[in-house]
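Listed below, chain by chain, are the residues.
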Amino acid sequence: MASILWLLIGIVIISAISGSLIFEFLTPNSDSMTSLEKKCEDIAKEGFRIHTMYPDLQPDQLPSADMNRLMHLDEIWIKDCVSRLSAESVFNIIQKVEHDFYSGE
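An account of the accompanying structure is given in this report. These numbers were taken from a predicted model, which means no experiment stands behind them. (Residues numbered from 1 in each chain as written. Predicted model: local features only at pLDDT ≥ 70, side-chain atom pairs only at ≥ 80, totals over all residues. Heavy atoms only, no water.)

1. Considerations on the layout of surface pockets
Where we set the bar: Points on a 1 Å grid over protein atoms alone make up a cavity when a 1.4 Å probe fits among them but cannot get out, and a pocket when they form an open set with protein on both sides within 12 Å along at least five of seven lines; lining residues each have an atom within 4 Å of a point. Grid points are joined across faces, edges and corners, and a volume is the space filled by probe spheres set on the points. Numbering of helices and strands runs from the N terminus; a helix is a DSSP stretch of H or I covering at least four residues, while a strand is a stretch of E covering at least two. Three categories are distinguished: nonpolar for Ala, Val, Leu, Ile, Met, Phe, Trp, Tyr, Cys and Pro, charged for Asp, Glu, Lys and Arg, and polar for the others, with Gly belonging to the last.
Computed from the structure, the largest pocket encloses a volume of approximately 210 Å³. Forming the boundary of the largest pocket are Ile43, Ala44, Gly47, Phe48, His51, Leu70, Leu73, Asp74, Trp77, Ile94, Val97 and Glu98. Going through the elements one at a time, helix H2 (30-53), helix H3 (64-82) and helix H4 (87-103) are the ones with two or more residues in the lining of the largest pocket. Ranked by residues supplied to the lining of the largest pocket, first place goes to H2 with five residues. Residue composition of the lining of the largest pocket, grouped by class: eight nonpolar, two polar and two charged.

2. Things to note about the packing of H3 against H4
Quick reminder of the rule: Every axis in this analysis is a line fitted to C-alpha atoms, fitted for helices over the stretch in contact. Angles between the N-to-C directions lie between 0 and 180 degrees. Roughly parallel covers angles under 35 degrees, roughly antiparallel covers those over 145, roughly perpendicular covers 65 to 115, and oblique covers all other angles. Any two residues whose heavy atoms approach within 4.5 Å at even a single point are treated as in contact.
Here H3 crosses H4 at 130°, and the two axes come no closer than 11 Å. Put simply, H3 runs oblique to H4. Contacts from Trp77, Cys81 and Val82 in H3 reach Val90, Ile93 and Ile94 in H4. When grouped by side-chain class, the residues that make up the contact of H3 with H4 number six nonpolar, no polar and no charged.

So this is what it looks like as structure tokens:
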């Protein structure tokens, strides 16, 4: 009878530890989200800089180097930022980049 009790206690402990590890793995780490937001802010700054250099041109009218760079930044922006961050975070990054640019920061 005692061995069954120890077995049940062991199963409960292992289940609790496994559940804790799974929960920790599935919840995003705030440090990784902060670094992702910083990376996305840098991408947005670079793309916005290119857009402001040619305000009246369509992407296919840009010099080829700038067009290729802009297309690459757009791919990274969609893959790493839009698909992984909340809509609120994406809009906050966009607003911050525009504010910093127009305020001269």
